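A closer look at the structure
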Amino acid sequence: MKLHEYQAKQILSEFGVPTPQGEVVSTPADAKAVAERLGKPVVVKAQVLMGGRGKAGGIKLANTPDEAAHAAESILGKRLVSPQNPQGLVAEKVLVEEAVEIAREYYIGITIDRTLQRNVLMVSMQGGMDIEEVAAQNPDAIATVAIEPLLGLTDYAAREVLYAAGIPQEQIRPLSALLHGLYRAYIAVDANLAEINPCAVLADGRIIAADAKITVDENALYRQKRLESLHEASLDDPIEAEASRRGIAYVRLGGDIGVIGNGAGLVMCTVDEVARAGGRAANFLDIGGGAKADRVRQAVELVLMDPNVKGLLFNIFGGITRGDEVARGMLEAFATLQVNIPVVVRLAGTHAEEGRAMLQGTPLIPAETMQEAARKIVELARGV
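Below, the structure is looked at part by part. Because the structure is a prediction, the values reported are computed rather than measured.

For the rest of this paragraph, the subject is the side chain of Glu273. Within the element layout of this structure, Glu273 appears in helix 9 (residues 264-276). A relative accessible area of 10% places Glu273 in the buried class. A distance of 3.4 Å separates the side chain of Glu273 from the side chain of Gln371, its partner in a polar contact.

What follows is the structure, given as structure tokens:
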């Protein structure tokens, strides 16, 4: 579960991480009132769960309270679209906080390294940029240290990663304290990602979290009741929100090939195969164990809610579930649906041959291998 910037900053401040003064509001009049109370230039920032807010017009500087009101009016209720989120999200709240004079920007973050089976602390002098972009263009610019679960973040580990990143000597001590606060917050809220980007060195020498991002492990929400109550479904991707209500694992990816499979690993592999065939997956959808007609129907309905989808690929491996039962469920489901795009089905495993035979002569196009299925759906979606 992703938290908004203002929520992440509230949590960080509870653990001693300095943040700018500010308040979250939902009307231009309230934005003006906050700016008046702060008595200085402010930044008005859209609170939407997406990257690239600045490029989308969701961050504006205001030198006066009236300018703050105008900035809030230009953001609130507007759909912000960015390269990271082409579908866009509507801004229902803005964070009005003091504008600060930044002398230098760093990146710091903590996430899980599943290969090392450790939380990993990352520090980079190239703050203000997407860490994925830094990692792709200049991976040596990111210093990392694995955190021992028994010891937690030690003083020497914090210093080690700061020195490795090239942080100036005079900033090691304050940044070390900030790293400890970030780690305590990360552990306390069961996060799987916590970022401060940029971690800003101000003109007066202070170091603050100018922006923050926290993602909480949804499997831990049963013991994070306060955070669970913060979740605002209206600000989620609407299809992902509907999938959550239906209990189906769905993630929107922005392409035009719908993907449905049974098992997270199989679906991820299918997404890769679609890319290898020259296409781009519109989504990740794990239908889970079995493929009964109602479950298939709900999964297809979710995929078709995305108007960009031009083709649908099923990749089902029959283990306990037999291939002929899967095919029967698909046929029953599609008998009640109006689907006007090509559909390719790859069945493998128990009774897969029988299942493929049942699909012959139907609008559902069978394929024997994942690679064949990916090639077929990409070609059909392009009208080849």
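Ordered in space as 1-6-2-3, the 4 strands form an open sheet in which the pairing is antiparallel. The sheet is open, and its two edges are formed by strand 1 (22-25) and strand 3 (59-62), each paired on a single side. The sheet shows a mean angle of 20° between the axes of neighbouring strands, taken without regard to direction. Note: strand 2 (residues 42-46) against strand 6 (residues 94-98), 5 bridges, orientation antiparallel. The partner of Val42 across the bridge, within strand 6, is Glu98. Each of strand 2, strand 3 and strand 6 touches helix 3 (residues 65-75); the most contacted strand, strand 3, lies at about 165° to it.

Moving on, we come to the packing of helix 8 (residues 238-246) against helix 10 (residues 293-304). How two helices pack is summed up by the angle between their axes together with the distance between the axes. For the pair helix 8 and helix 10, the least separation of the axes is 10 Å and the interaxial angle reads 165°. Judged by the angle between their axes, helix 8 and helix 10 are roughly antiparallel. Of the two elements, helix 8 crosses helix 10, and the hand of that crossing is right-handed. For the pair helix 8 and helix 10, contact is made by Ile239, Glu242, Ala243 and Arg246 and by Arg295, Gln298, Glu301 and Leu302, respectively. Residues that form the contact of helix 8 with helix 10 fall into these classes: 3 nonpolar, 1 polar and 4 charged.

Let us now look at the packing of helix 9 against helix 13 (residues 370-381). Remark: helix 9 packs on helix 13, axes separated minimally by 9 Å, with the N-to-C direction vectors making an angle of 55°. In terms of axis orientation, helix 9 runs oblique to helix 13. Between helix 9 and helix 13 the crossing geometry is right-handed. Judged by residue contacts, Cys269, Thr270, Glu273 and Val274 of helix 9 engage Met370, Gln371, Ala374 and Val378 from helix 13. Of the residues in the contact of helix 9 with helix 13, the class split is 5 nonpolar, 2 polar and 1 charged.

Cut-offs and rules
- Within each chain, residues carry numbers counting from 1 in the order of the written sequence.
- Two thresholds apply to this predicted model, a pLDDT of at least 70 for residue-level local features and 80 or more for giving and counting side-chain atom pairs, whereas whole-chain, interface and lining totals are computed over all residues.
- Excluded from the side-chain calculations are hydrogens and water; all other atoms, namely the structure's heavy atoms, are used.
- Numbering of helices and strands starts at the N terminus; helices are DSSP runs of H or I of at least 4 residues and strands are runs of E of at least 2.
- Residue exposure (1.4 Å probe, protein chains only): buried if accessible area is under 20% of the type maximum, exposed if over 50%, otherwise partly exposed.
- Pairing of N or O atoms within 3.5 Å defines a polar contact, subject to two protein rules: one partner must be a possible hydrogen donor and the other a possible acceptor, and residues neighboring in sequence count only if both atoms are side-chain atoms.
- When DSSP finds two or more bridges between two strands, those strands count as paired.
- Axes, fitted as lines to C-alpha atoms, cover a helix only where it is in contact. Angles between the N-to-C directions of the axes lie from 0 to 180 degrees.
- Note on contacts: a residue pair is in contact if any heavy atoms of the two residues lie within 4.5 Å.
- For classification purposes, angles smaller than 35 degrees are called roughly parallel, those larger than 145 roughly antiparallel, those between 65 and 115 roughly perpendicular, and all remaining angles oblique.
- Two helices that cross are described as forming a left-handed crossing if the nearer one is turned anticlockwise from the farther one by less than a right angle, and a right-handed crossing if clockwise.
- Under the scheme applied here, ten amino acids are nonpolar (Ala, Val, Leu, Ile, Met, Phe, Trp, Tyr, Cys and Pro), four are charged (Asp, Glu, Lys and Arg), and all others, including Gly, are polar.

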